[in-house]
Amino acid sequence: VADSRRRWTLEEVRGRIEEQVIPEPNSGCLLWCGGLRQPRPGRSLIYGMIRLRGKMTSVHRVAYEIAHGPVPDGQQVLHGCDVPLCVNPAHLFLGTNADNIADKVAKDRARKRLTRDKADTIRTLVASGVSQHEISRRYGVAQSTISRIMSGERRPAGLPARQE
Ligand SMILES: [Zn+2]
C-alpha cells in the first residue's frame, strides 16, 4: 500500500483522525474506529495506531500533539476518561510512567470495590429470599458465581460475565 510509505504530516494526520472517530454523546469521548494494534508486543492494551512521520504512533498521542504540542521526553499521554480508544484532547493529559501505574492501581482498586459491593448486594438479596436464578438473570452473573459468593469464596478479580 502506497499509504504506508508516505510520511504523513501532522496536519494531514489531523484530517485522517477526524474522519475516523465516532463521538460518544454521554462521555464526550471521541472513539477511534481506525486501525488498532498493540503498541509493544506482550502489552495487553490495544490502542489505535496511525502512521505519523513514517512511524506508527498511538492515535491518542498524536491527537494530544495536534491540540497541545509535542509530548516532552519521559512523558506519556494518559486517558482521564479511562477509554483507551478515546482521542478527545480534552480527555488526555501528560504524566510519567509512574503516574500511569498509580492511575491504573487507583482505578483497579475502585473496580474491586465495585465488585465487592455487588457481591454484598447479592448476599443481601439471597438472604432476603430472592432466588439465585432471578439474581443471576438480573445481574448477569452465573449461578455458580452466586454460590461461590454465598460460600464466602473470594475471587481475585471482577465477577465473570454470565455465559449464555
Ligand atoms: Zn474520552
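Below is a summary of the structure that appears in this document. (Residues numbered from 1 in each chain as written. Predicted model: local features only at pLDDT ≥ 70, side-chain atom pairs only at ≥ 80, totals over all residues. Heavy atoms only, no water.)

**Details of the sheet that holds strand β5 (residues 55-58)**
Now for step 1: Spatially, β3-β4-β5 is the arrangement adopted by the three strands of the open sheet, whose pairing is antiparallel. Two strands in the sheet have a free side with no partner beyond their single neighbour: β3 (36-37) and β5. (Pairing = 2+ DSSP bridges. Helix = DSSP H or I, 4+ residues; strand = E, 2+ residues; numbered from the N terminus.)

**Some thoughts on unusual backbone geometry**
Now for step 1: The phi dihedral of aspartate 82 is positive, around 65°, even though this residue is not glycine.
Now for step 2: Structurally, aspartate 82 can be placed in the loop between β6 (76-79) and β7 (92-95).

**As for the coordination of the zinc ion**
Now for step 1: Taken together, the protein ligands of the zinc ion are Cys29 (SG), Cys81 (SG), Cys86 (SG) and His91 (ND1), with distances of 2.0 to 2.3 Å.
Now for step 2: Around the zinc ion, the four donor atoms sit at angles spanning 106 to 112°, and that spread fits a shape best called tetrahedral.
Now for step 3: Between consecutive donors of the zinc ion, the numbers of intervening residues give the motif C-x51-C-x4-C-x4-H. (Donors = N, O, S within 2.8 Å, 3.2 Å for Na, K, Ca; no water. Tetrahedral: all angles 85-135°; square planar, octahedral: opposite > 155°, others 65-115°.)

**Let's talk about the pairing of β5**
Now for step 1: Judged from the four bridges that link them, strand β4 (residues 47-52) and β5 form a sheet pairing that is antiparallel. Counted as the bridge partner of isoleucine 50 is threonine 57 from β5.
Now for step 2: Connecting β4 to the antiparallel partner β5 that follows it, the hairpin turn spans two residues, and arginine 53 within it adopts a positive phi of roughly 50°.

**Focus on helix α5 (residues 143-150)**
Now for step 1: Within the sequence span of α5, burial applies to Thr145, Ile146 and Ile149. Projected down its long axis, α5 shows its buried positions confined to an angular sector of 100°, all on one face.
Now for step 2: As for α5, its buried residues are in contact with α3 (97-127) and α4 (132-139). (Buried < 20%, exposed > 50% of the residue type's maximum accessible area, 1.4 Å probe, protein only. Arc of directions from axis to C-beta. Contact = heavy atoms within 4.5 Å.)

**Some points on the nonpolar core**
Now for step 1: Residues Val13, Ile17, Trp32, Ile50, Val59, Val62 and Val87 are the most contacted members of the largest nonpolar core, which totals 14 residues.
Now for step 2: Counting residues per element, this core draws most heavily on helix α2 (residues 59-68), which supplies four residues.
Now for step 3: Setting aside chain neighbours within four positions, we find valine 13 in contact with Trp8, Ile50, Arg51, Leu52 and Val62. (Core = buried A, V, L, I, M, F, W, Y, C linked by side-chain atoms within 4.5 Å.)

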